[in-house]
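# Examination of the molecular architecture
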Amino acid sequence: MDIEELRTFVEVADAGGVSPAARRLAVSKSIVSRRLARLEADLGVQLLARTTRGAALTEAGTAFRDSAARVCAEIDNAKEMILPAGELRGRLRIAAPLTFGPTHLAPVIAEMGRRHPRLEVHTCYSDRFVDLISEGYDCAIRIGYLPDSNLIARRVGPIYARPVASPSYIRTHGAPETPHGLLAHEAITQINESWHFMDGDKKITIRPQGRFKTDNGSALLSAAVAGLGIACLPNGVTDDHVKAGELVPILTRYPMPEAGVFVVRPPGQHPTRKIRVLTEMLIACFGPRPRDEGT
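What comes next is a walk through the structure. (Residues numbered from 1 in each chain as written. Predicted model: local features only at pLDDT ≥ 70, side-chain atom pairs only at ≥ 80, totals over all residues. Heavy atoms only, no water.)

The helix and strand inventory of the chain stands at 10 helices and 15 strands. Along the three orthogonal principal directions, the C-alpha set of the chain runs to about 75 × 45 × 35 Å. Burial status across the chain gives 44% buried among its 295 residues. Sequence-distant contacts in the chain: of pairs separated by 6 or more residues, those separated by 24 or more amount to 74%. As displayed, the chain has an accessible area near 15200 Å², and 52% of this comes from carbon and sulfur atoms. Within the chain, one finds 37 positive and 33 negative side-chain charges whose respective centroids are separated by 2 Å. (Helix = DSSP H or I, 4+ residues; strand = E, 2+ residues; numbered from the N terminus. Buried < 20%, exposed > 50% of the residue type's maximum accessible area, 1.4 Å probe, protein only. Contact = heavy atoms within 4.5 Å. Areas by Shrake-Rupley, 256 points an atom, 1.4 Å probe, with all protein chains shown as cover. Lys, Arg positive; Asp, Glu negative; His and termini not counted. Charge placed at Lys NZ, Arg CZ, Asp CG, Glu CD.)

Following both chains from N to C, one finds helix α1 (residues 3-15) and helix α2 (residues 18-25) inclined at 125°, their axes separated by 8 Å at the closest point. In terms of their interaxial angle, α1 and α2 are classed as oblique. When the axes of α1 and α2 are compared, the crossing they make is right-handed. Residues Arg7, Thr8, Glu11, Val12 and Ala15 of α1 touch α2, and the partners they reach there are Val18, Pro20, Ala21, Arg24 and Leu25. Residue composition of the contact of α1 with α2, by class: six nonpolar, one polar and three charged. (Axes fitted to C-alpha atoms, helices over the stretch in contact; angles between N-to-C directions. Parallel < 35°, antiparallel > 145°, perpendicular 65-115°, else oblique. Left-handed = near helix turned anticlockwise from the far one by under 90°. Nonpolar A, V, L, I, M, F, W, Y, C, P; charged D, E, K, R; others polar.)

Per the stated rule, a full pass over the model turns up two aromatic pairs. Here the aromatic rings of Phe9 and Phe64 are separated by 5.7 Å at their centres, their planes lie at 40°, and the arrangement is tilted. Taken together, the residues Phe9 in helix α1 and Phe64 in helix α4 (residues 59-82) connect sequence positions 55 residues apart. Aromatic pair Phe100 and Phe286: ring centres 6.0 Å apart, planes at 35°, arrangement tilted. Note that Phe100 is positioned in the loop between β3 (90-96) and α5 (101-115) and Phe286 in helix α10 (residues 273-286), a separation of 186 residues in sequence. Of the two residues examined, Phe100 and Phe286, each falls in the buried class. (Phe/Tyr/Trp six-rings, centres within 6.5 Å; stacked < 30°, edge-to-face > 60°.)

What follows deals with the nonpolar core. Membership of the largest hydrophobic core comes to 34 residues, with the highest contact counts inside it found for Leu92, Met112, Leu278 and Leu282. Among the secondary structure elements, those contributing two or more residues to this core are β3, α5, β5 (139-144), β6 (152-159), α8 (217-225), β12 (231-234), β14 (259-265) and α10. Core analysis: the second largest hydrophobic core is formed by 18 residues, Val10, Val12, Val18 and Ala21 among them. (Core = buried A, V, L, I, M, F, W, Y, C linked by side-chain atoms within 4.5 Å.)

Regular strands place their side chains on alternate faces of the sheet. Across four bridges, the pairing between strand β1 (residues 48-51) and strand β2 (residues 54-57) is antiparallel. In the sheet register, Thr51 faces β2, and the bridge partner there is Gly54. The antiparallel pairing of β1 with β2 creates a hairpin that spans two residues between the two strands. (Pairing = 2+ DSSP bridges.)

When two helices pack together, their arrangement is captured by the angle between the axes and the distance separating the axes. At their nearest, the axes of α1 and helix α3 (residues 29-43) sit 9 Å apart, and the two run at 110° to each other. Viewed along their axes, α1 and α3 adopt a mutual orientation that is roughly perpendicular. When α1 is examined against α3, the residues Glu4, Glu5, Leu6, Thr8, Phe9 and Val12 are found in contact with a partner set consisting of Val32, Arg35, Leu36, Arg38, Leu39 and Asp42. Here the contact of α1 with α3 is composed, by residue class, of six nonpolar, one polar and five charged.

Along its 15 residues, α3 runs 21 Å from first to last C-alpha, staying within 8% of the 21 Å computed at 1.5 Å per residue. For α3, every residue scored as buried is listed here: Val32, Arg35, Leu36, Leu39 and Glu40. Seen from one end, α3 has its buried residues packed into an arc of 130°, which puts them on one side. For α3, the exposed residues set more than 90 degrees away from the buried face come down to Ala41 and Asp42. Phi for Gly44, located one or two positions after α3, is positive at around 75°. (Expected span 1.5 Å × (residues − 1). Arc of directions from axis to C-beta.)

Structural data, given as structure tokens:
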């Protein structure tokens with residue numbers, strides 16, 4: 001039985017369709033379809049029911065999927081064991097945030113590429129939420145507070161954020177003295193964003209309002225510097241602007257809860273060595289050894 005046919009079946013089963021699986025495997029849809037057809041012919045059963053919305057596992061496919069995934073994982077582990085010590089090869093597709101990513105994450109990813117010249121590294125920087133499975137990414141680096149999901153996450157370090165405003169905004173509108181005072185101010189936010197603050201042991205959640213919204217943290221930063229309102233951004237994004245006097249931290253008596261930098265991957269038995277190496281390099285850069293977490 002061809003291992004590429006097994007791997008293709010697992011990718012289609014997990015992604016829910018031929019097209020997303022083809023993107024993840026970096027092959028054409030016709031190749032994916034031929035591999036599936038050969039596998040089903042060899043087994044003598046239909047594993048996937050094709051629909052206009054994608055592909056769904058049949059009863060036989062459901063029973064076969066986990067065993068096929070285990071075989072693929074064992075083959076991958078066996079290949080890694082016989083590689084020269086430390087050498088990585090193949091392709092690693094990473095989704096990373098556009099805000100914070102090019103300045104803080106890109107140097108780590110570039111160093112990984114330098115250390116492993118046979119490794120192909122494809123990184124997409126975007127602040128939109130990326131569906132790892134359907135879009136074919138091996139992992140994502142995410143910043144902030146993770147919502148519940150079926151993905152596996154490893155926290156690689158802490159990150160801190162704070163509300164900031166320009167001196168011109170504060171001169172015109174003043175600065176709030178409490179988190180609830182933000183509701184009387186213009187907030188610069190992402191869509192449906194909530195801000196969290198600590199008052200001692202008490203957590204305060206605010207849904208700020210404002211006329212300027214964007215899905216990009218760099219645009220939030222520019223709007224704050226321009227005096228359009230108050231924005232909450234990671235310290236690493238705003239530090240230089242605070243030092244330059246372009247932004248002023250506010251509500252310093254009410255710190256925001258510690259967030260995190262996470263490496264997130266699709267569910268599976270074990271992370272590949274490529275993801276483990278990336279995770280270890282990020283831990284070395286961003287903080288002490290953290291604990292494993294589910295999302």
